[in-house]
Amino acid sequence: MENQEKQHKRRVRYSGTHPRNYKEKYKEHNPEKYADTIEKVIRKGSTPAGMHISIMVKEILEFLQIQPGQIGLDATLGYGGHTKEMLKCLQGQGHIYGLDVDPIESKKTKERLEKQGFGEEILTVRLQNFADVDQVSRDTGKKFDFILADLGVSSMQIDNPDRGFSYKTDGPLDLRMNPEKGISAAERLKTISGEELQGMLVENADEPYAEEIAKTVLKWRAKGKYILTTTQLKEAIEEALYFIPDKERKEAVKKTCQRTFQALRIDINSEFEVLYAFLGKLPEVLAPNGRVAILTFHSGEDRLVKKSFKEFKREGLYSEISKDVIRPSAEECARNSRAKSTKMRWAIRSEY
């Protein structure tokens, strides 16, 4: 009787060809069923909702030189695009361990890769921070022949308004990679001092209007107005930048929003501390002649990677490191606008 009373709920459909609501993009969330839609979106240089287009795959594979039978680590599993291409190189022999702190997306990725033929016999997915790479090595009893770390935020996280990673859509100001742990960006802004907020914006994003933003956030708080959503943070930034001439303000607000969201995300996820720990442990978990490639997306990350690689090469732990950053091709940037800020560096472990 109860089942009979339940009405069939139709899937929400969008009108027209360009849905704006994330939840209405049902075609893009089901790429296997709606491949033609996905292809059209990608051809336009956009990333379909709920998906992530892997960056610099060709350059990564050329450097890693993966051979069947090797043991590898994808330190940042994400959507699994890089992992899938590395798994193909193993030709059914060897193993890859994939790490991710996001319980929502890592579960989806594991299921997606299993359906494509990459089961637990060749892929192990662990809900773990890549700062604990030494623990992974101890637990498995393995050193890795190749390691990849893509430090970018996955498009699935950016596009989902419920995660609060983007100022472009309204949603809770969360920004946590693992929404089940720690405090959200909204909670952080409730108690942070003006001096600390200003320092965070400068340190994590080189924000030129850090002082103005910090003052505005504190002014709002003094009036009992807390920043709880992505839209409210954008509005606070717009207010802070009121003095910029009208013709320049829109672009200035856009760039400042990008930097501010980046700075907050880095802070609440302790991204620099995590990267520092990971870099320090790399030589001990790499097998002799093992290779590591790291993709970074802003100058703070790149500086840490460059400094670590240079120091360990001086100490003889790396036999070779990339002399300069490797950038994605112009063609790739045209296909995927999110590739434009990518920098790749690599290192090779010494034999001893």
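Residues numbered from 1 in each chain as written. Predicted model: local features only at pLDDT ≥ 70, side-chain atom pairs only at ≥ 80, totals over all residues. Heavy atoms only, no water.

A. Structural detail: the overall build of the protein chain. In terms of helices and strands, the protein chain carries 15 helices and seven strands. For the protein chain, with 352 residues in total, the buried portion stands at 51%. Residue pairs at least 24 apart in sequence account for 69% of intrachain contacts in the protein chain once pairs closer than 6 positions are excluded. Of the roughly 18,500 Å² that the protein chain leaves accessible, carbon and sulfur atoms contribute 48%. (Helix = DSSP H or I, 4+ residues; strand = E, 2+ residues; numbered from the N terminus. Buried < 20%, exposed > 50% of the residue type's maximum accessible area, 1.4 Å probe, protein only. Contact = heavy atoms within 4.5 Å. Areas by Shrake-Rupley, 256 points an atom, 1.4 Å probe, with all protein chains shown as cover.)

B. A look at the environment of Ala-330. Examined against the element boundaries, Ala-330 turns out to sit in helix 15 (residues 330–335). For Ala-330, a relative accessible area of 62% puts it in the exposed group. Once the C-alpha coordinates of Ala-330 and Lys-340 are considered, the two residues, 10 residues apart in sequence, prove to be 8.5 Å apart.

C. Representation of the confidence of the model for the protein chain. With 84% of its residues at a pLDDT of 70 or more, the protein chain has an overall mean of 86. The model gives residues 41–50 a pLDDT under 50, and that stretch makes 34 contacts with residues more than four places away or in other chains. (pLDDT = per-residue confidence, 0-100.)

D. Summary view of the nonpolar core. With 33 residues, the main nonpolar core has Leu-173, Leu-175, Leu-189, Leu-197, Ile-227 and Leu-233 as its most contacted residues. Take this core: its biggest share by element is seven residues, from helix 12 (residues 246–268). The residues contacting Leu-197, other than those within four sequence positions of it, are Leu-189, Ile-192, Ala-214 and Val-217. Formed by 28 residues, the second largest nonpolar core is a distinct cluster that contains Ile-147, Phe-278, Leu-282 and Val-305. (Core = buried A, V, L, I, M, F, W, Y, C linked by side-chain atoms within 4.5 Å.)

E. View of unusual backbone geometry. In this model, Gln-91 sits at a positive phi of 50°, which is unusual for a non-glycine residue. Topologically, Gln-91 is positioned in the loop between helix 4 (81–90) and strand 2 (95–100). In the Ramachandran plot, Ser-270 falls in the positive-phi region, its phi being about 50° despite a non-glycine side chain. On the basis of relative accessible area, Ser-270 is assigned to the partly exposed category, the value being 31%.

F. Representation of the pairing of strand 3 (residues 123–127) within the structure. Note that strand 2 and strand 3 share five bridges and pair parallel. The partner of Leu-99 across the bridge, within strand 3, is Arg-126. (Pairing = 2+ DSSP bridges.)

G. Geometry of the pairing of strand 2. With six of six residues buried, strand 2 is to be regarded as a mostly interior element. Of the two faces of strand 2, both are covered, the one formed by His-95, Tyr-97 and Leu-99 as well as the one formed by Ile-96, Gly-98 and Asp-100. One ladder, built from four bridges, connects strand 1 (residues 71–74) with strand 2; its direction is parallel. Bridging from a neighbouring strand, Leu-73 pairs with Tyr-97 of strand 2. Assessed by its sense of winding, the connection that carries the chain from strand 1 through helix 4 to strand 2 is right-handed. (Right-handed = clockwise from strand over helix to strand, strands pointing away.)

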